[in-house]
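# Survey of secondary and tertiary structure
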Amino acid sequence: MFRFTYKYSIKIKTTTVKEHETLRITSSVNLADEIYLKIANIIPCKNISYARSAENNSAKIDILNTCSSDFFSVQSTLSAQEWLYNHQNPADCSTARIAVINNYAWSGMGSSIHQIVWTIAKVLEDNRIFVYATPGNWMWADCDEKNPNCFFIPVSNCKSSGEIDQGHSAKINHQKLHLCTAYSSFHTAYGASVISGNYGHYGSTVPPEPFSNQSFNWWRAQLAFYVTRFNKRVMEHVKRVSHEIFPQGIEHSRPLIALFIRRSDKVATGEMKKSYTLESYFDLFDSDARRASVRNLYLNSEDDDVFNEFHKNQHLVRYYRLFYLNQTRGYTFSSWLEESPERQSQISLAFLTDLYIESNADMHAGTLSSNWCRLIDEIRLSAGKTIPFYTPEQEYYQGF
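As annotated in an unreviewed UniProt entry, the chain carries the name Alpha-(1,6)-fucosyltransferase N- and catalytic domain-containing protein and is attributed to Didymodactylos carnosus.

This is the structure we're talking about:
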């Protein structure tokens, strides 16, 4: 059994790979442990078909048996994260083949991270090391680097500054629906091919040789897991805020189910076919939660009405103990853009606190047409948490 606790630099000892072998890996999420497995053994198994398109559920990209450990196992994640760490941290960066990710999608945080993951997959396909341009122009960044390093542990010990031999580098422009990416050729310094930014190109990406038998969904989840490891500043923040929500600590508030409900702009833009009531979400998991004696509920939404719906339902109030993030609600991507840089940073840190809590919960329900919920699902799967994601949308859409 693997036990995962966060440290800025961590070593995990396991006896299932090789006696006394040590794997170096860092994470913001606890891997599946005894508490989780006890619940997982109670909840019935389910086959989940992840689809490439929300409109075409027959376009399958992956089928997951929630009781199988063949793909999303703790061991496979340890192996993948170890491989990524070694690949990204060479002994000599001056001779490394490096791709610099420069410019980012103008979209919500979950969508933007997914676009970064997509680009990284292409870089790795070309056997390059990926780094972020410094300074960059990631709109979500709140530090001088202006790239994902503001929130997450640097993805490489190599830099995008002048210390890199330009003859070994290539830039990746990643903005809106056009990416300059390592797709066909890096034959000149900063040379790149332009490809259309859609999931079809990601779907053709092949994992590196050690993981060639793994699924599309598994590889993307592993990359999302690697790039979203909180740095020390963010980890200290989310732990402090989560302790305000869970005074005994989140570990002592388990078993826990997390529910994230998206409405508002997702419905207005047509990304969601309709808005779902709170009760429709509970109808999906309530019997499983009661069967497994899961009573602690973390609830989040941009819509205040969600909390009013909960308090009006005495059937739910009598059973569940409610926990929530004390924040101003109603923020969407467009309204976030109108805020001051200081307020934008506060909102971004609240999002990351939510990511931490939901990823560390034992059960998870939400709106899978949301990039945010899909990102959480991927991180949870990489942590070995394969209890079904409960969504009322009747589809497990994994596009962008």
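Now that the structure is up, let's keep going.
### Re the state of the cysteines
Scanning the entire structure with this criterion turns up 2 disulfides. Note on cysteine connectivity: Cys-93 is disulfide-linked to Cys-158, with sulfurs 2.1 Å apart. Between Cys-93 and Cys-158, the S-S torsion sits near -90 degrees, and that sign places the bridge as left-handed. Placement of Cys-93 in the loop between α2 (74-88) and β5 (98-102) and of Cys-158 in the loop between β6 (129-132) and β7 (169-175) is noted, with a sequence separation of 65 residues between them. This pair shows no difference in class: Cys-93 is buried, exactly as Cys-158 is. For Cys-143, the disulfide goes to Cys-150, at an S-S distance of 2.0 Å. Around the S-S axis, the bridge from Cys-143 to Cys-150 shows a dihedral of about -85 degrees and counts as left-handed. Accessibility expressed as a relative area gives 3% for Cys-150, which makes it buried.

### With respect to the sheet that holds strand β10 (residues 256-261)
Sheet strands pair by backbone hydrogen bonding; their relative direction is either parallel or antiparallel. The strand order β12-β11-β10-β13 describes an open sheet built from 4 strands, whose pairing is parallel. One side of each edge strand has no neighbouring strand; the edge strands of this open sheet are β12 (321-323) and β13 (363-366). Each strand of the sheet is rotated relative to its neighbour by a mean of 25 degrees, with strand direction disregarded. Across 6 bridges, β10 lies against strand β11 (residues 296-301) in parallel orientation. Within the sheet, the bridge partner assigned to Leu-259 lies in β11 and is Leu-299. Strands in contact with helix α9 (residues 305-312) are β10, β11 and β12; relative to β11, the strand with the most contacts, it is inclined by about 145 degrees.

### Some details on the nonpolar core
Leu-259, Phe-285, Leu-352 and Met-363 are the most contacted members of the largest nonpolar core, which totals 101 residues. Here this core gathers at least three residues from each of two domains, domain 1 (74-228) and domain 2 (232-392). In this structure, Met-363 is in contact with Ile-39, Ile-43, Leu-256, Ile-257, Ala-258, Phe-285, Asp-288, Ala-289, Val-294, Arg-380, Ile-387 and Tyr-390, ignoring residues within four places of it in sequence. Val-100, Val-131, Ala-133 and Cys-158 belong to the second-largest nonpolar core, a separate cluster that totals 8 residues.

### Remarks on the side chain of Ser-107
Secondary-structure assignment places Ser-107 in the loop between β5 and α3 (109-125). Sequence-distant contacts of Ser-107, defined by excluding residues within four places in its chain, comprise Ser-112, Met-139, Trp-140 and Phe-333.

Rules behind the numbers
Residues numbered from 1 in each chain as written. Predicted model: local features only at pLDDT ≥ 70, side-chain atom pairs only at ≥ 80, totals over all residues. Heavy atoms only, no water. Disulfide = S-S within 2.5 Å. Helix = DSSP H or I, 4+ residues; strand = E, 2+ residues; numbered from the N terminus. Buried < 20%, exposed > 50% of the residue type's maximum accessible area, 1.4 Å probe, protein only. Pairing = 2+ DSSP bridges. Axes fitted to C-alpha atoms, helices over the stretch in contact; angles between N-to-C directions. Contact = heavy atoms within 4.5 Å. Core = buried A, V, L, I, M, F, W, Y, C linked by side-chain atoms within 4.5 Å. Domains from an automatic or database assignment.

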